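# Commentary on secondary and tertiary structure
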Amino acid sequence: MHSPLPHLRLRHVELHRIAMPLVVPFRTSFGVERERDVLILRVVGDATDADAGGETTEVEGWGECVALAEPTYSPEYVDGAQDVIVRHLLPTLLSGSDTVDAAEVGARLGHVHGHPMAKGALEMAILDAQLRAADRSFAAHLGATAERIPSGVSVGIFDEIDDLLAAVQGYVDDGYVRIKLKIEPGRDIEHVAAVRELIGPATPLQVDANTAYRRTDGEHLARLDALDLLLIEQPLPEEDVLGHARLAAEVETPICLDESLVSADTTADAIELGACEVANIKPGGVGGYLEAVRIHDLCRERGVPVWCGGMLETGIGRAANAGLAALPGFTLPGDISASTRFYARDIVTDPITIDDGHVTVPTAAGLGFEIDRAYVAEIGRIAHDISPT
Ligand code: NPQ
Ligand code: MG
C-alpha cells in the first residue's frame, strides 16, 4: 500500500451536510434512527506529479464522516466532528504553503486529542483526491487481493419475533451470506434462537449488543453458545476491555470488539489481554483507512480474524469499505451490504449492489464512483466552504 502518491496543494474544502432517509427505521440498543445525518467532505487541490516532470492537475476528492447525529454510539457526533474539522483540523492543513499527503495527515493532526471520525474523514478525502490524480483505486492502494467480497447484513432490534423473522427472511432472499442481529437485554436469547431456527444451521449468524450488557451477564450470554454464533460483538461498555477478557474466558462464542477499538495500539492491547478474539474494523472509528490497514496487519500477524464494520455509509464510504474488506486478513463477511439495504437512492452514480451474496470491489480511480452532485445539493446544504488563509 505504501507506493507514494502525488502530493496535493489544497485549494478549498467544502463540508456538505446531507439528510439521507432510511428505507426502514434502524433500531439498536442505543436508539432508533429514521434518517442518516451525514457530513460529506469535498476537497479540491492541485496534484503535482513528479513522474510527469512536475506537471500539475486539479483534482477533487470525497470523504465521509461516520459520526452519528448524537453521541450515543461514540463520543463523537456529527456537529462536533464538523466543528473540530473546521476550527481545529483544517487550519493545520491549510496554513502555510505546505502540500498535503494522506500518509502524513494522521501525524499532522496529532496535536488534536481523539476525534478519529473527524480525522478519518479528512484523510479519506485527501487520499481519494491523490488516488484520482494517480489513477489508482482505493482497493489497489490499500493492498486488496480479492475482486469481490462476501456481503453481510446488520438487522435492527424488533420487539416482536415474527417481525424480526420476516425481516431476516427478506435479507436471506436478497442473498446476504451472513446475518448479524442487534440485541439487548430482553431481546436476545429467544430472538436469536428463533432466527437460528429459521435460517438453519448452515447460515453464518452473529450478534451485536452495542455495549448493552454488564460484567455480571456472563452466565446469561453463555446461553448463546448453544446457537452456534460466529461471535458476540461489543457486549460491554467500550472502556471495559478487561471485562471483555473475563467474558471471553466465560463464554465459548468468540468475543468481538467494535466500539473499544479506536486505534492500532488499543487493538494490540485488547488482543494481548484476551479481550479481542475477533476484530470489527471500522475505518472511521480508528481514524481512517490507513490506520485500519495497520490494524488489519497486526491482527493478521496475531491470527485474529477481522471483518469490516459499517456505519450506514453513503456510496462514498461504502465503496471505500469494499476496497478495505478486499485485503487478505478480512476472513469474515463484513457489514458491507447493498446501498438499498438502507437507502432508496444513493449519492453516488453507481451504488454498491449485491450479486450472488457478494459485492464487487470498485477498481476505477479513487473510490471508483462519481458523486451525484445534483442529488447531494437536493438533500443537503454546504455547511462550510473553506479556502487557505
Ligand atoms: C455497529 N453499525 O456495528 C454499527 C452501529 C450503527 C451496521 O450495525 C444510525 C442508527 C446509524 C444506528 C450507524 C451496524 C448507525 C446506527 C452505525 C448504528 O455497531
Ligand atoms: Mg457494532
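Residues numbered from 1 in each chain as written. Chains lettered and ligands numbered in written order. Predicted model: local features only at pLDDT ≥ 70, side-chain atom pairs only at ≥ 80, totals over all residues. Heavy atoms only, no water.

## Quick word on the coordination of the magnesium ion (ligand 2)
Coordination of the magnesium ion (ligand 2) by the protein comes from Asp208 (OD), Glu233 (OE) and Asp258 (OD), over a distance range of 2.1 to 2.3 Å. The motif formed by the donor residues of the magnesium ion (ligand 2), counted along the single chain, is D-x24-E-x24-D. Placement of Asp208 in strand S7 (residues 205–208) and of Asp258 in the loop between strand S9 (255–257) and helix H9 (264–273) is noted, with a sequence separation of 50 residues between them. Summarising the burial analysis for this pair, Asp208 and Asp258 share the class buried. (Donors = N, O, S within 2.8 Å, 3.2 Å for Na, K, Ca; no water. Helix = DSSP H or I, 4+ residues; strand = E, 2+ residues; numbered from the N terminus. Buried < 20%, exposed > 50% of the residue type's maximum accessible area, 1.4 Å probe, protein only.)

## A word on the side chain of Asp101
With respect to the element layout, Asp101 can be found in the loop between helix H1 (78–94) and helix H2 (102–108). Although Asp101 is buried, it forms no salt bridge, and the closest oppositely charged side chain is Arg108 at an N-O distance of 8.7 Å. Every residue in contact with Asp101, bar those within four places of it in the chain, is listed here: His7, Ile126 and Gln130. (Lys, Arg positive; Asp, Glu negative; His and termini not counted. Salt bridge = Lys/Arg side-chain N within 4 Å of Asp/Glu carboxyl O. Contact = heavy atoms within 4.5 Å.)

## A word on the packing of H1 against helix H3 (residues 116–134)
Where H1 contacts H3, the axes come no closer than 9 Å and their chain directions differ by 55 degrees. When the axes of H1 and H3 are compared, the pair comes out oblique. In this structure, H1 meets H3 at a crossing whose hand is right-handed. Across from Ala81, Val84, Ile85, Leu89, Leu90 and Leu93 in H1, the residues of H3 making contact are Ala118, Lys119, Leu122 and Ile126. For the contact of H1 with H3, the class distribution of residues is nine nonpolar, no polar and one charged. (Axes fitted to C-alpha atoms, helices over the stretch in contact; angles between N-to-C directions. Parallel < 35°, antiparallel > 145°, perpendicular 65-115°, else oblique. Left-handed = near helix turned anticlockwise from the far one by under 90°. Nonpolar A, V, L, I, M, F, W, Y, C, P; charged D, E, K, R; others polar.)

## Notes on the sheet that holds strand S13 (residues 380–386)
Across the sheet, which stays open at both edges, the four strands sit in the order S3-S2-S1-S13 with antiparallel pairing between neighbours. Every interior strand has two partners, whereas the edge strands, strand S3 (55–65) and S13, have only one. When the angles between neighbouring strand axes are averaged without regard to direction, this sheet yields 20 degrees. Strand direction decides the pairing type here: strand S2 (residues 31–49) and S3, joined by eleven bridges, are antiparallel. By the bridge assignment for S3, Gly45 is matched with Val59. Each of strand S1 (7–28), S2, S3 and S13 touches H1; the most contacted strand, S1, lies at about 170 degrees to it. On the sheet, H3 packs against S1, S2 and S3 and is oriented at approximately 145 degrees with respect to S3. (Pairing = 2+ DSSP bridges.)

## A word on helix H8 (residues 241–250)
Restricting attention to buried positions, one finds in H8 the residues Val241, Gly243, His244, Ala245, Leu247 and Ala248. Summarising the contacts, the buried residues of H8 are in contact with helix H7 (218–221), S9 and H9. For H8, the N-terminal cap is Asp240; the gap from its side-chain oxygen to the backbone nitrogen of Gly243 is 2.9 Å. (Polar contact = N/O pair within 3.5 Å; in protein donor to acceptor, adjacent residues only side chain to side chain.)

What is shown is where atoms sit, not what they do.
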